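As a plain string of letters, each chain reads:
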Amino acid sequence: MKKTRKSFQTIVITLIVAWLLLFVFLPNLMIIATSFLTRHDTDLVSMVFTLDNYRRLFDPMYAQVMLHSLNMAVIATLLCLLIGYPFAAMIARMPQKLRPLMLFLLIVPFWTNSLIRIYGLKIFLSTRGYLNEFLLWTGVIDKPFKIMYTSEAVILGLIYILLPFMVMPLYSSIEKLDKSCLEAARDLGANKFQTFFRITLPLTMPGIIAGCLLVLLPAMGLFYVADLMGGAKNLLIGNVIKSQFLNIRDWPFGAATSIFLTAAMGLLLWVYYRAAKLLNKKGEQE
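Throughout, a residue's number is its position along its own chain's written sequence, starting from 1. This being a predicted model, a pLDDT of at least 70 is required before a residue's local features are given, and a value of 80 or more before pairs of side-chain atoms are given or counted; all residues contribute to the totals for chains, interfaces and linings. For side-chain calculations, the full set of non-hydrogen atoms in the structure is used, while hydrogens and water are omitted.

Inclusion rule: UniProt positions are given in the numbering used here, feature names are shortened, and annotations may be inferred rather than shown by experiment.
Under an unreviewed UniProt entry, the name given to the protein chain is Spermidine/putrescine transport system permease protein PotB, and the source organism is Morganella psychrotolerans. Recorded under Sequence similarities (unreviewed entry), the UniProt text for the protein chain is reproduced unchanged: "Belongs to the binding-protein-dependent transport system permease family. CysTW subfamily."

1. Some thoughts on the overall build of the protein chain
Where we set the bar: In this description a helix means any DSSP run of H or I spanning at least four residues, a strand means any run of E spanning at least two, and both kinds are numbered starting from the N terminus. Each radius of gyration is computed over the set of C-alpha atoms, and the globule rule expresses the reference value as 2.2 Å times the number of residues to the power 0.38. Exposure categories follow from relative accessible area, calculated using a 1.4 Å probe and restricted to protein chains: below 20% of the type maximum is buried, above 50% is exposed, and the middle band is partly exposed. Residues count as neighbours in contact if any of their non-hydrogen atoms are within 4.5 Å of one another.
In terms of helices and strands, the protein chain carries 13 helices and two strands. For the protein chain, the C-alpha radius of gyration of 24 Å lies well beyond 19 Å, the compact-globule estimate for 286 residues. Principal-axis analysis of the C-alpha atoms places the extent of the protein chain at approximately 75 × 75 × 40 Å. Here the protein chain holds 286 residues, and 36% of them are scored as buried. For the protein chain, long-range pairs separated by at least 24 residues make up 67% of all intrachain contacts whose partners lie at least 6 apart in sequence.

2. Some details on the side chain of Arg117
Note the threshold: Charged residues are defined here as Lys and Arg on the positive side and Asp and Glu on the negative side; His and the ends of the chain fall outside this count. One side-chain nitrogen of Lys or Arg within 4 Å of one carboxyl oxygen of Asp or Glu is enough to make a salt bridge.
Tracing the backbone shows Arg117 in helix 5 (residues 114-125). At 17 Å, Asp227 is the nearest oppositely charged side chain to Arg117, a buried residue that forms no salt bridge. Ignoring any residue separated from it by four or fewer positions in sequence, one finds Arg117 in contact with Pro109, Phe110, Thr112, Tyr160 and Ile161.

3. Structural notes on the side chain of Ser173
The line we're drawing: As used in this structure description, the phrase polar contact means that two N or O atoms lie within 3.5 Å; if the pair is within protein, one of them must be able to donate a hydrogen and the other to accept it, and residues adjacent in sequence are counted only when both atoms belong to side chains.
Mapped onto the elements of the fold, Ser173 is located in helix 7 (residues 151-175). Of note is the side chain of Ser173, whose polar atom sits 3.2 Å from the backbone nitrogen of Gly207. With residues up to four places along the chain from it excluded, the contact list for Ser173 reads Thr204, Pro206 and Gly207.

4. As for the UniProt feature "transmembrane region" (unreviewed entry) in the protein chain
In the numbering used here, UniProt assigns the feature "transmembrane region" (unreviewed entry) to residues 12-37, 65-89, 101-120, 153-174, 195-226 and 253-273. Between the C-alpha atoms that bound residues 12-37 the distance is 37 Å, and the span itself is 88% helix and 0% strand. Span residues 195-226 is 88% helix and 0% strand, its end C-alpha atoms 40 Å apart.

5. Some words on the pattern of salt bridges
Pairing is possible between side chains of opposite charge, provided their charged atoms come close. Throughout the structure, instances matching the rule amount to four salt bridges. As a salt-bridge pair, Arg55 and Asp52 come within 2.6 Å of each other at their nearest N and O atoms. With a gap of three residues between them, Arg55 and Asp52 both fall in helix 2 (residues 52-55), about one helical turn apart. Relative accessible area serves as the criterion here: at 53%, Arg55 is assigned to the exposed category. Among the salt bridges present, the one from Asp227 reaches Lys242, with a minimum N-O distance of 2.9 Å. One end of the pair, Asp227, is in helix 11 (residues 223-230); the other, Lys242, is in helix 12 (residues 237-247), with 15 residues separating them in the sequence.

Printed below as a string of structure tokens:
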């Protein structure tokens, strides 16, 4: 029996490792290798080593796109945090029987393709969309206002898609919050604001950091949100990568941009790891 179980575990582990090597490690290795090669007009890639693809990342045109992308992603992340924290706190304070229902309603949008949802949001926010029609009907505005094809529209689209990724880790942190610390703060005379900023906020910081990373990292790569909501003037890094591979056919530079984005994600994950470790160490000392 033990021999059979051990053989089964060996087969499962072998299949998992083979899957990761074939579909994760090798494709990433090919992308890394391609980023150091030269573009070719007919063969896409020429076997000539170069570092020009990474130097082009610091070109003012591409640097401006990346900074603009980072700016929109940071704004979307902060807004998701401002919206998601009270929402997660509200769910965590609900009766135990209602929490699964609220979490289910939060996850339901994932059952629909995000591209379809963005199209729905685009129709809702367009000049002749439902929002403008409603505001005109109520007399709030005299003429339709334009929000589509602006950076604000891209940020709204990012919030619409990524808000659940912020709420889930926040809910997990708030739910696990030690209620005795809050009671002790009230017994010592702390008001609600002091309790929140000195007790609740520090103890839920791991959830805040995790939620921010889960929103910030994908926000820079959701190229279809920028395509549909922002137009040509509001690009994300994902739009640059897509255009290099599909339109311009400059695979080496597209690969270099992908590696740059992956490295940025890795750096942010390392920052999260270090911050969580420091917070846990500080909590143990206290």
